[in-house]
Amino acid sequence: MITKSTERALALALFASLSIAVDTFGLVPAGRLGLATVLFLIFLKTYSTLAQASLEGLRVKVSQEGALEGRPLRVTFEICNPFIIPIAFVELSLRYPEYLKLSAGSPALLGAIPPRGCLSYSVSFLARVGEHEIGPLRAVFRDPLGIFRGTEIELGEKALVRVKPRESEKLRRALFSISRSGGMLRTSRAGEGLEFLSTREYVPGDDLRRVFWKALAKGRLAVKEFDRESTQYNLVLLALGKDMLTGPYLQTPLEHAARVIAVLSRYFAEKGEQQALYLVNGDRLDGIKMVRGRKGYELTIRALSSVRLHDLLNQRETSVGKGTIARELLMTLPRERVNIIAITTMGSARQLAEELKVLAESGRCSVYMFLMVPQFYGVETMSPMERAIFRIKSFQEILSMKDALKEIRKTGIKAVIVTPGDMARRIVMRLEMERM
Amino acid sequence: MRKKVTLVPLFTLILLLIIGFIGAIERGPLTLSVYVGAHPANEGPMGLSELYKMLRANFSVILVNSWKDVKLEEKCRVLIVIVSPELPYTGEEAARIAEAVRACEEVRLLVADETGNANPILAEFGSEVRIGTNALREYPLVAVDAPWGSYVLLLDRPSPLFAHGNAEAIGIEIGVQDPQVYAFLESRGLVWGDGSVFLNQVLRSENSIYREFVRDTLSYLCNNCTILLDATKAQAMNPLDFFHGNVSPEVVPLVDPFSLLISLLSHIIHPSNWFFPLARLVNALVADLLVVSPLRELIIVATFIVLSLFISSRESSERDVPLREVTEVHWYGYSALKDKIMKGGSSLKKDDFVALYELLDYLLLSTAGVSLSSPEAASVLQNRGMSSEKAKALVEFMNKYYRRATGKSLWPPVVFWNSTTRKAISLTEEALKVLGYSLMEARGIEGRVL
């Protein structure tokens, strides 16, 4: 409950002193003015102290709306003054992560809160995937003339916001068009299934219920063959290196990867396949174990919306794993063959490949690594000549990705370089090939 | 680290001091009186400080400055000691003393007086003894034959005593033809015609018989009782009188110098004695200074500064700055390189030309299956839609400067690589476009290269 005077108070104090001094020595009769100024300062000080005490006792309610990537994320602070002292004025400044972009509202404001009244303050962000802490509000009281200033305090609690990735319906449909089945689980190996595959000549021992009567009518004894139904075990591994956040707003590798994983997860869920998601953050491995169907999808979305971007930014270096990831994964894998889909950027690729080498060599898994191409974002703002110079100077680096790719492939990991746009399709095509 | 706790704020402390200061001025100076006669506070030769010390060491003593304030318990035993009163007791005062000790079951008196001032006391308490008012001899030798011992004492101008009734004469002058009685013992106590025996100059003397006499007498008279030592009849003197010459010269040697000094100091340091003269002095000084022109302005400025500092020091001040807002940050790939190019700080060098050549060579090889150094390169580009002259010029230009950049040729001898590479970029862009790529457009070679 401390208020301090500002430089304006000092100016007023000087004025009061001068008035009193010149009056004392009979120069100008300004003593009353000086005394009135001092009394005014005392009055303002008293009011400021009371208002600061009221400020510290304010009740703050935080609410939020919208938590889907790319949509407005609205956060509202309802600040109520339960006391009879009006607070005029209070400067508010919202604390929010520096990587979030404000789409509506101001990050700071100067307002007054009437006695037993409330002030509502709303801001909107362009939501991006992950977990974000918004708030608390920082507040400072000032009297109407700005002569006294209170100490800075925090109002309310942090609002913990989890934003889900946006899913492309078009991409989801495209993935099903790649798949040879509309939703049932199948392989190209003939077996006991429901979906027709082909016909072949009858051999003794075949079930008579599978005889192809139309062929028999033409004098050929044949039986129908059906797709053998099977379940795939897909484990998505997302390497969260610091460079995952490099790029324009909503176009970073992390956001592309989150959208792809969300669509893939829905695809897996609708096909009834087993899926798991693990996030590799430094030497930490978090995620969800193999789950089937809708639950797997929900858990995946929850895991993606819980990625703490703040932690990623504060990583000292881009590093994934410390030689323990493969061991930890092996302990959680089912006995069936598992497709491991590792999604990473160039910065983390070599380290992750070292980690997953054991899994590739174990024979229990098919390990695929999808390296996202670095996007030369922001070239739109450059002149054609500048773009050309930029591309020439960074060309060597792009070529070095090819060398890295060769090295990774030597470890037994099937690595490919993809752009965010065709990553989901490439992944599904790989998985379909695995099914054959 | 322990928190510093302020029990009394500085402001409150200063306010209290100012109030105390004003109160002290209003009340006036405290006068510590100086005694020259028989008073327990007098350390001089005529004082009773030695007697007081002796009493305090052996008895329960109450020093009586006002008999109104004496409060005694029921059924107490007291001995009233009166030594050489300098002023006579009135009948009212004697009655007040009797009233003060009325509740006691035993009241005894020790009156040592050579002036007769204590006679009203003796009368009030029903004593049969009276003190004469004139000393007959200066230093009579007196034999004391008392129940507590026998003594031969030399007295200092005592007054003879007169008694009727049953008072027993215990102190009789010896060595003269008409001996006087100087001490009577009666049921009420002892009446002694000389106070000098109890004074400091006698009790401090080398002859210890006086000290023994006093001690024995008091022990006899006060058996498990409280002694009331009367100090109401000693005359106080204002210490300033000694400086103003209002004191007779024979009194001066009788004053204890230390007591006098303390008394003077207490008088001098009191604000009522120096504050007003000082204020008057300062006022006069300021008034004089204000007459002088430059000093007048200086004083106003100094007062202004002092007042300003005082007012501003009451408040802790800080600069009023707005709250820091969050700065939104985005991280683009190759942002440092991009910034440098956009600011024009990146000039093209020989290595950049080599990179451009290798880029075109790579794309030509991967797209058309021929190298840029191959003789078919120009025709391949021509087949893809580039004009024949431009294709030939591009291939020739690129190979010529590539040989120069890689040291395979020394021609041309002087090359400005920045302008040469920029020209090469323009030529290459046309070739890249016919191959389906671009360096200059928003969607460039990245992605498709890989």
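Residues numbered from 1 in each chain as written. Chains lettered and ligands numbered in written order. Predicted model: local features only at pLDDT ≥ 70, side-chain atom pairs only at ≥ 80, totals over all residues. Heavy atoms only, no water.

### Remarks on the environment of Val38 of chain A
Mapped onto the elements, Val38 of chain A comes out in helix H2 (residues 31-56). Separated by 25 residues in the primary sequence, Val38 of chain A and Ala13 of chain A have C-alpha atoms spaced 7.1 Å apart. Residue contacts for Val38 of chain A: discarding those within four places in its chain leaves Ala16 and Ile20 of chain A together with Ile311 of chain B. (Helix = DSSP H or I, 4+ residues; strand = E, 2+ residues; numbered from the N terminus. Contact = heavy atoms within 4.5 Å.)

### Details of the packing of aromatic side chains
All told, the structure shown has 17 aromatic pairs over all chains when counted by the stated rule. Aromatic pair Phe353 of chain B and Tyr401 of chain B: ring centres 6.2 Å apart, planes at 65°, arrangement edge-to-face. Pair noted here: Phe353 of chain B is in helix H12 (residues 350-368) and Tyr401 of chain B is in helix H14 (residues 388-405), with a separation of 48 residues, a long-range link. In terms of burial, Phe353 of chain B and Tyr401 of chain B fall into one category: buried. Joined through ring pairs, the aromatic side chains of Phe21, Trp274, Phe275 and Phe276 of chain B make up one cluster. When the ring centre of Tyr249 of chain A is taken as reference, the NZ or CZ atom of Arg128 of chain A above it lies at 4.6 Å. The residue whose ring lies beneath Lys233 of chain B is Tyr89 of chain B, and the NZ or CZ to ring-centre distance is 5.3 Å. (Phe/Tyr/Trp six-rings, centres within 6.5 Å; stacked < 30°, edge-to-face > 60°. Buried < 20%, exposed > 50% of the residue type's maximum accessible area, 1.4 Å probe, protein only. Lys NZ or Arg CZ within 6 Å of the ring centre and 35° of its normal.)

### As for unusual backbone geometry
Cis rather than trans, the peptide bond between Ala88 of chain A and Phe89 of chain A has omega equal to 5°. With respect to the helices and strands, Phe89 of chain A occurs in strand E4 (residues 87-94). Pro412 of chain B follows Trp411 of chain B through a cis peptide bond whose omega is -5°. Its location among the elements puts Pro412 of chain B in the loop between H14 and helix H15 (417-435). One non-glycine residue with positive phi stands out, namely Ser84 of chain B, at about 40°. As for its placement among the helices and strands, Ser84 of chain B is situated in the loop between strand E3 (77-83) and helix H3 (91-100). One non-glycine residue, Arg157 of chain B, lies in positive phi territory at about 45°. If you trace the backbone, Arg157 of chain B turns up in the loop between strand E7 (149-154) and strand E8 (161-163).

### Here's the deal with the state of the cysteines
This structure, assessed with the given rule, holds three disulfides over all chains. Between the sulfur atoms of Cys80 of chain A and its disulfide partner Cys118 of chain A the distance amounts to 2.0 Å. One disulfide, between Cys80 of chain A and Cys118 of chain A, carries an S-S torsion of 105° and so falls in the right-handed class. In this pair, Cys80 of chain A is assigned in strand E3 (residues 72-80) and Cys118 of chain A in strand E7 (residues 118-126), connecting sequence segments 38 residues apart. Put simply, Cys222 of chain B and Cys225 of chain B are joined by a disulfide, and their sulfur atoms are 1.7 Å apart. Judged by the sign of its S-S torsion, about -130°, the bond between Cys222 of chain B and Cys225 of chain B is left-handed. (Disulfide = S-S within 2.5 Å.)

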